[in-house]
Amino acid sequence: MQLYSTNNKNLRVSFQEAVFNSMPQDKGLYMPVEIPQLEKGFITDIEKYSLPEIAYKIASTLLGDEIPATDLKALIEDAANFDAPIVKLDKQTFVLELFHGPSLAFKDFGARFMSRVMAYFLKDGEQLLDVLVATSGDTGGAVALGFLGVPNTRVTILFPKGKVSEVQRLQLTTNGKNIRAIAVDGTFDDCQTLVKQAFADDELNSKFRLTSANSINIARLIPQTFYYFNAYAQVKRQGFATIVFSVPSGNFGNIGAGLLAYRMGLPVHQFIAATNANDTVPRFLETGVYETKPSVQTYANAMDVGAPSNWVRIMDLFKEDRKVIQALVKAYRFTDEETLAGITEIFEKFNYVACPHTAIAYLATKAYAEENPTDESAKVFLSTAHACKFPEVFSAEMTAKIELPEQVKSLKNNPEVYDELGKDFEGFKEYLLKK
Ligand SMILES: *Cc1c(COP(=O)(O)O)cnc(C)c1O
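Residues numbered from 1 in each chain as written. Predicted model: local features only at pLDDT ≥ 70, side-chain atom pairs only at ≥ 80, totals over all residues. Heavy atoms only, no water.

Draft legend 1. Inspection of the site of the ligand at higher detail. Close contacts around the ligand come from 15 residues, with Lys-107, Asp-138, Gly-250, Asn-251 and Thr-384 the closest. At 2.8 Å from an oxygen atom of the ligand is found a main-chain nitrogen or oxygen belonging to Asn-254. Considering the ligand on its own, with 380 Å² of exposed area, one finds that the protein chains cover 98% of that surface. Of the residues in the shell around the ligand, the class split is 6 nonpolar, 7 polar and 2 charged. (Near = heavy atom within 4 Å. Polar contact = N/O pair within 3.5 Å; in protein donor to acceptor, adjacent residues only side chain to side chain. Areas by Shrake-Rupley, 256 points an atom, 1.4 Å probe, with all protein chains shown as cover. Nonpolar A, V, L, I, M, F, W, Y, C, P; charged D, E, K, R; others polar.)

Draft legend 2. Just the sheet that holds strand S9 (residues 209-212), in detail. Judged by pairing direction, the sheet is parallel, and its 5 strands sit side by side in the order S9-S6-S7-S8-S14 without closing on themselves. Since the sheet does not close on itself, it has two edges, and those belong to S9 and strand S14 (419-421), each with one partner. Strand-to-strand twist in this sheet, taken as the mean axis angle between neighbours without regard to direction, amounts to 25°. The pairing of strand S6 (residues 129-134) with S9 spans 4 bridges and is classified as parallel. Counted as the bridge partner of Leu-129 is Arg-209 from S9. The sheet strands contacting helix H7 (residues 166-173) are strand S7 (153-160) and strand S8 (179-184), and the helix crosses S7 at an angle near 155°. (Pairing = 2+ DSSP bridges. Helix = DSSP H or I, 4+ residues; strand = E, 2+ residues; numbered from the N terminus. Axes fitted to C-alpha atoms, helices over the stretch in contact; angles between N-to-C directions. Contact = heavy atoms within 4.5 Å.)

Draft legend 3. A look at the sheet that holds strand S5 (residues 93-97). One open sheet accounts for 6 strands, arranged S4-S5-S13-S10-S11-S12; its pairing is mixed. Each end of this open sheet is capped by a strand with a single partner; those strands are strand S4 (86-88) and strand S12 (329-333). Averaged over neighbouring strand pairs, the angle between their axes works out to 25° when direction is ignored. Pairing geometry for strand S10 (residues 243-248) and strand S13 (residues 378-383), over 4 bridges, is parallel. Across the sheet, the residue bridging to Ser-246 is Phe-381, located in S13. Relative to the sheet, helix H11 (residues 226-237) contacts S4, S5, S10, strand S11 (268-275) and S13, its axis offset from that of S10 by approximately 140°. With respect to the sheet, helix H13 (residues 280-287) is in contact with S11 and S12, its orientation differing from that of S12 by roughly 125°.

Draft legend 4. Geometry of the packing of aromatic side chains. A full pass over the atoms with the stated rule returns 19 aromatic pairs. Each ring, one from Phe-113 and one from Phe-226, has its centre 6.0 Å from the other, and the planes form 90°; the classification is edge-to-face. In this pair, Phe-113 sits in helix H5 (residues 107-121) while Phe-226 sits in helix H11, placing the two residues 113 residues apart along the sequence. Looking at Phe-113, the relative accessible area reads 1%, which means it is buried. (Phe/Tyr/Trp six-rings, centres within 6.5 Å; stacked < 30°, edge-to-face > 60°. Buried < 20%, exposed > 50% of the residue type's maximum accessible area, 1.4 Å probe, protein only.)

Dropping the structure here:
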């Protein structure tokens, strides 16, 4: 697999280089030079395959000979070791549950695969790999649990102080070992800016072997394609010929992976980008003007992103052709009030407790279905996190229905350890140099 930079189509790096660099020097994003097509037969017969089989097929098609077959198979079986089932809500509506991994969010798919790919490429005796990651809540937990105990690695997580839920914070701060957490006095965008500045800093780069675990890393994007194919296999088993995906979006890595799957040959009828008040992309699709804004805080805090870092990848996938993207991706945005009403509606109609992100994807699905009453596709909205990660939005009746997974019960027994910093780069740099 060869990759270029979205800022320099002549650049060529291997998958291994792209994984460790995370971002090209020119501040573009890595993209595959060629997007390989899956054979027609594989798509036609996809309902015969399990999730690990589908994952191996896609990964090997994309990666080529970068990782030998037996190693790649073992890596995928270890990384994708939990299910991604669809749950039927009504005749045409399904929720794709992506929260059955260790941190209870879809980011486990990306983080587990990436940490194992990095560990695979790391040779004995090499310099310690320093993973820097900014999180609005869920990335940090997935990355921490993905890397926990992986030799020769150290993870530094920056999270916006007071803006993550208790379960999220515990997932970041109770690990110890090779994981350290920093509460930044600022927003998620501030955390992300600090990480980007660190990568651009010569002194830090000469002292440390830095890499990013954010959704800009190509090794996070690839495994997120797996569950799109697997969801299609599941609706095919239920007799549907076409599929619509609704994706609750923040940095647009998740829907970006879906669009990559589409470009590899997954026959998706329509994508729906669902956002909260952070609506940079919906506004762009309406007006053609791409204008980022400072993020605003909402109940769906993992989507509080004013400058979605993966959007350039989506533009690149479709050769910057806004018309093509507009046709394939419908965008909807919802306020906090609407989100709460959505949570109530899902509970009352389907007896299902959905986290705020999931509720936004549901509302977008519903809006799309109302506008397109003749579309007989299976409508699949992605549930990106377990409801217990966002307890503050639920009524007592809903809370009583939420089953706490084992992973959460054990967190509360561990001591919390984290440092606190401001949002200035100098302070963060000093921390990295001195700690
Ligand atoms: C990260 C996250 C999102 C947004 O995903 P992107 O890939 O950044 O668009 C949505 N929901 C939850 C629960 C998340 O953790």
